[in-house]
Amino acid sequence: MDEGFNPMSADIIDGKAFAANLKQDVAAQVAILKEKYDLVPGLAVVLVGEDPASHIYVRNKNKSTAAAGMNSFEHRLEPDVSEAELLTLVKNLNEDPAVHGILVQLPLPKHINEAAVIDAISPEKDVDGFHVINSGLLATGGRGMVPCTPLGCIMMLRARLGDMSGLNAVIVGRSNIVGKPMAQLLLNENCTVTMAHSRTRDLADVVRRADIVVAAVGVPELVKGSWIKQGATVIDVGINRIEKPDGKTRLIGDVEYAEAAKHAAAITPVPGGVGPMTIAVLLKNTVTAACRQAGVEEPQV
Ligand code: NDP
């Protein structure tokens with residue numbers, strides 16, 4: 001094809017379609033677990049306070065959990081709930097055999113210590129993969145629970161690229177929930193990994209060398225399209241809500257999408273890229289957790 005006629009030459013990595021397939025696989029796994037072992041994976045989601053975005057996430061999580069045939073347990077707590085009360089709830093969920101995965105929706109109100117709450121979740125039930133034991137297992141090559149968003153990114157990258165050995169991967173952002181676990185996962189794929197952050201000098205030059213770019217910053221269009229190497233694969237984790245002149249909002253990513261698509265071989269859109277994968281992987285992690293706790297093989301579908 002003459003690329004001169006097509007300014008947007010990159011393939012779009014369709015996270016929505018990817019997530020729909022993964023959800024179907026999870027539902028098939030759940031059906032097998034029910035029939036073979038009478039095991040119904042259960043996910044408990046704890047929501048504290050009234051944050052509207054968190055309410056939407058939690059509603060979607062519950063809907064998706066039920067649609068996959070799993071048990072969904074929702075706990076809504078008042079914004080002024082004490083840390084002690086929340087810790088008691090987590091302890092009860094840790095001890096409940098019907099609950100295989102526990103997710104405490106972040107952010108928590110300021111008076112609650114997030115780290116203390118995450119640490120209170122049993123690592124086997126920590127389907128978000130945020131517990132320090134799970135980060136340690138990921139860093140040392142052990143078998144823990146892997147955070148959903150980076151795991152979803154690596155699944156899409158594997159499907160797109162297959163063997164990633166020796167590729168230069170640049171991750172922009174070094175948070176505990178996205179950037180750092182993403183770096184570990186790309187190292188496991190034998191990439192040469194560079195992590196960039198707010199103190200990185202000449203970010204453009206760092207990104208230009210990347211065969212794989214993962215942007216997880218939270219700054220709209222920070223990564224310019226002209227920085228993208230010809231033929232690179234771009235994963236945009238960023239979700240930024242921008243107000244339009246008419247007062248409505250729209251979502252954009254951390255990558256200057258239209259310009260990047262002229263250089264990349266493949267790119268995830270925002271919305272419809274990484275976002276939908278996160279919930280699908282959460283369901284997958286819940287199945288994995290349930291199988292491990294029950295001591296049964298995870299069904300292959
Ligand atoms: P954090 O705010 O925790 O981390 C942001 C990172 O970006 C930090 O490491 C920071 O560097 C770095 N950074 C900030 N400014 C710059 C800059 N100018 N140049 C280079 N690096 C910079 O964010 P998260 O990792 O939690 O989230 C990142 C984005 O991903 C957000 O938009 C969030 O909404 C989205 N997200 C999407 C999810 C999904 O399901 N699709 C799930 C989770 C997050 P430093 O460490 O030096 O401060």
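Residues numbered from 1 in each chain as written. Predicted model: local features only at pLDDT ≥ 70, side-chain atom pairs only at ≥ 80, totals over all residues. Heavy atoms only, no water.

Where empty space is left in the structure can be found by rolling a water-sized probe over the atoms. Taken as a whole, the largest pocket encloses approximately 1500 Å³ of empty space. Taken together, 48 residues form the lining of the largest pocket, with Y57, T149, I239, G275 and T278 sitting closest to its centre. At the level of elements, α1 (15–37), α2 (52–67), β4 (101–104), α6 (148–161), β9 (240–243) and α10 (274–294) are the ones that each hand at least two residues to the lining of the largest pocket. Of all the elements, α2 adds the most residues to the lining of the largest pocket, at eight residues. Across the lining of the largest pocket, the residue classes break down as 28 nonpolar, 13 polar and seven charged. In this structure, the second largest pocket occupies an estimated 340 Å³ of space. Within the residue set of the lining of the second largest pocket, elements represented by two or more residues are α4 (114–120), α5 (132–139) and α7 (179–188). With four residues, α5 is the single largest residue contributor to the lining of the second largest pocket. Looking at side-chain class alone, the lining of the second largest pocket contains nine nonpolar, four polar and two charged residues. (1 Å grid on protein atoms, 1.4 Å probe; cavity = no way out; pocket = protein on both sides within 12 Å on 5 of 7 lines; lining within 4 Å. Points joined across faces, edges and corners; volume = space filled by probe spheres on them. Helix = DSSP H or I, 4+ residues; strand = E, 2+ residues; numbered from the N terminus. Nonpolar A, V, L, I, M, F, W, Y, C, P; charged D, E, K, R; others polar.)

We now examine the pattern of salt bridges. It is possible for side chains bearing opposite charge to pair when their charged atoms get close. Applying the stated criterion across every chain, the model contains eight salt bridges. Salt-bridge contacts for K91 lead to E95; the nearest nitrogen and oxygen are separated by 3.4 Å. Here E95 and K91 lie together in helix α3 (residues 83–95), a separation of four residues that amounts to about one turn. Accessibility expressed as a relative area gives 48% for K91, which makes it partly exposed. (Salt bridge = Lys/Arg side-chain N within 4 Å of Asp/Glu carboxyl O. Buried < 20%, exposed > 50% of the residue type's maximum accessible area, 1.4 Å probe, protein only.)

Moving on to the sheet that holds β4. Judged by pairing direction, the sheet is parallel, and its three strands sit side by side in the order β3-β2-β4 without closing on themselves. Where the open sheet ends on each side, the last strands, each with one partner, are β3 (71–77) and β4. The mean angle between the axes of side-by-side strands here comes to 15 degrees, regardless of whether they run parallel or antiparallel. As paired strands, strand β2 (residues 42–48) and β3 are joined by seven bridges and run parallel to one another. The residue bridging A44 from the neighbouring strand is F73, located in β3. Each of β2, β3 and β4 touches α3; the most contacted strand, β2, lies at about 175 degrees to it. (Pairing = 2+ DSSP bridges. Axes fitted to C-alpha atoms, helices over the stretch in contact; angles between N-to-C directions. Contact = heavy atoms within 4.5 Å.)

Glancing now at the site of the ligand. Taken together, 19 residues lie near the ligand, and R174, S175, S198, I239 and T278 sit nearest. Within the contact set of the ligand, a nitrogen atom lies 3.5 Å away from a backbone nitrogen or oxygen of H197. In this structure, I239 approaches the ligand through a main-chain N or O atom, which is 3.1 Å from an oxygen atom. Considering the ligand on its own, with 940 Å² of exposed area, one finds that the protein chains cover 68% of that surface. No other element matches α10, which puts three residues into the shell around the ligand. Each residue belonging to the shell around the ligand can be placed in one class, and the counts come to nine nonpolar, nine polar and one charged. (Near = heavy atom within 4 Å. Polar contact = N/O pair within 3.5 Å; in protein donor to acceptor, adjacent residues only side chain to side chain. Areas by Shrake-Rupley, 256 points an atom, 1.4 Å probe, with all protein chains shown as cover.)

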